[in-house]
Amino acid sequence: MLTEELQIDLLRQREESKGLLQMGKPLFYEIMEKPATSCIIGICSAIWFYIQKKNIGYSHVGLSYEAAIEGHHWRIITSAFSHISVLHLAFNMSALWSLGVVEQLGHMGLGVAYYLQYTLVLVVLSGLLVLGMYHILIQRFKVDYFRRVTAVGYSCVVFGWMTILSVKQPSSKLDLFGFLSLPISFAPFESLIFTSIIVPQASFLGHLSGIIVGYSIAWGLIHGMNNFWAISMLGWIVLIFMFSLKRSGAYDFNFLEIESVTDPSLPSVRFLGNGRTLQMSALPLEGVEVV
């Protein structure tokens, strides 16, 4: 019967030997082992390139309290996948590549499907939690500074996966830039403090929201995600994304245009005192067209 200390030591040795074997693998094989992570890194990199090429500022894609109040709910998504500085992109993608090991842990109940499903949850819930924190600080504590704060970057999701992995597999390590290695069990709070000191403009609340949502997932407070719920959630996200884009005037989807109905045969109600007429259109919907 092995003692607990010996079991932990053997597990650590196995993880280290696995890491040495993976270091010798061609990049192509590593990409095939982390398909979802590789796709997300590709998407974030392509968006960064587009932002640089089009000279788009963070205020146009970032998430802020005032923008959310004005109906720019689409920014919850665009802010997560947008990076303005190449250093910011490199740090987040380097950490995400290391955290992609989650895709290889299917035997522990994780794997590719789990990774994709809960990445969706992390993107949405961490963004909503940040807005909730801003709301409390502004309305309850009168800290108007947070009205103007605009957050961008994939850090919320990165911190969320750091936290999940620190609970699910505390013996793992977080590798940054190929030479810096941190014990995953301390990585969330180490990185939170480190980035807050080294990068003063880093979003402390954004990173903290990722940690909170990450613990909620790891401890089973948020659970039950499967392919059906993930696809349903994705469908609602796309729908809300498109309508909020149109409603906020950020993008005009002509095929969502609904023409007004003006039919004199419909009954009308006249309000006394001002001569305005309210036309009632609760009858047939023939006049509603999707262009």
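Keep in mind that this is a model prediction, so the values were computed, not measured.

Thresholds applied
- Residues numbered from 1 in each chain as written.
- Predicted model: local features only at pLDDT ≥ 70, side-chain atom pairs only at ≥ 80, totals over all residues.
- Heavy atoms only, no water.
- Phe/Tyr/Trp six-rings, centres within 6.5 Å; stacked < 30°, edge-to-face > 60°.
- Lys NZ or Arg CZ within 6 Å of the ring centre and 35° of its normal.
- Helix = DSSP H or I, 4+ residues; strand = E, 2+ residues; numbered from the N terminus.
- Buried < 20%, exposed > 50% of the residue type's maximum accessible area, 1.4 Å probe, protein only.
- Polar contact = N/O pair within 3.5 Å; in protein donor to acceptor, adjacent residues only side chain to side chain.
- Contact = heavy atoms within 4.5 Å.
- Axes fitted to C-alpha atoms, helices over the stretch in contact; angles between N-to-C directions.
- Parallel < 35°, antiparallel > 145°, perpendicular 65-115°, else oblique.
- UniProt positions renumbered as here; feature names shortened; annotations may be inferred.
- Expected span 1.5 Å × (residues − 1).

Asker: Please explain the packing of aromatic side chains as it appears in this structure.
Answerer: The description of an aromatic ring pair rests on the distance of the ring centres and on the angle between the ring planes. This structure, assessed with the given rule, holds ten aromatic pairs. Pairwise contacts between aromatic rings join Tyr 114, Tyr 115, Tyr 118 and Trp 161 into one cluster. The positively charged end of Lys 34 is found above the aromatic ring belonging to Trp 97, 4.4 Å away from the centroid. Directly above the aromatic system of Phe 141 lies the positively charged group of Arg 140, at a separation of 5.9 Å from the ring centroid.

Asker: Before we go on, may I ask you to explain the side chain of Ser 126 in this structure?
Answerer: You can see Ser 126 is positioned in helix α8 (residues 111–140). Under the relative-accessibility criterion, Ser 126 is labelled buried at 2%. A polar atom in the side chain of Ser 126 sits 2.3 Å from the backbone oxygen of Leu 122. Beyond its immediate stretch of four places on either side in the chain, Ser 126 contacts Val 121, Cys 156, Ser 209, Gly 210 and Val 213.

Asker: For this particular structure, what's the right way to read the packing of helix α3 (residues 35–54) against helix α7 (residues 86–99)?
Answerer: When two helices pack together, their arrangement is given by the angle between the helix axes and by the axis-to-axis distance. For the pair α3 and α7, the least separation of the axes is 10 Å and the interaxial angle reads 175 degrees. Between α3 and α7, the angle falls in the class roughly antiparallel. Contacts between α3 and α7 involve Thr 37, Ser 38, Ile 40, Ile 41, Cys 44, Ser 45 and Trp 48 from the former and Val 86, Leu 89, Met 93, Leu 96 and Trp 97 from the latter.

Asker: Just to check I follow, could you spell out the UniProt feature "transmembrane region" (unreviewed entry) in the chain for this structure?
Answerer: Per the UniProt record, "transmembrane region" (unreviewed entry) is found at residues 35–51, 72–95, 115–138, 145–164, 176–197, 204–222 and 228–245. With 71% helix and 0% strand, residues 72–95 has its two end C-alpha atoms placed 29 Å apart. Annotated as 50% helix and 10% strand, the span residues 145–164 places its first and last C-alpha atoms 31 Å apart.

Asker: Teacher, can you tell me more about α3 here?
Answerer: An α-helical turn contains 3.6 residues, so a residue and the one three or four places further along point in the same direction. Here α3 contains 20 residues, and its C-alpha end-to-end distance of 28 Å stays within 8% of the 28 Å for a straight helix at 1.5 Å per residue. Restricting attention to buried positions, one finds in α3 the residues Ala 36, Thr 37, Ser 38, Ile 40, Ile 41, Cys 44 and Ile 51. Those residues of α3 that are buried are in contact with α2 (27–33), α4 (58–61), α6 (75–81), α7 and α8. Looking one or two places after α3, you find Asn 55, whose phi comes out positive at around 55 degrees.

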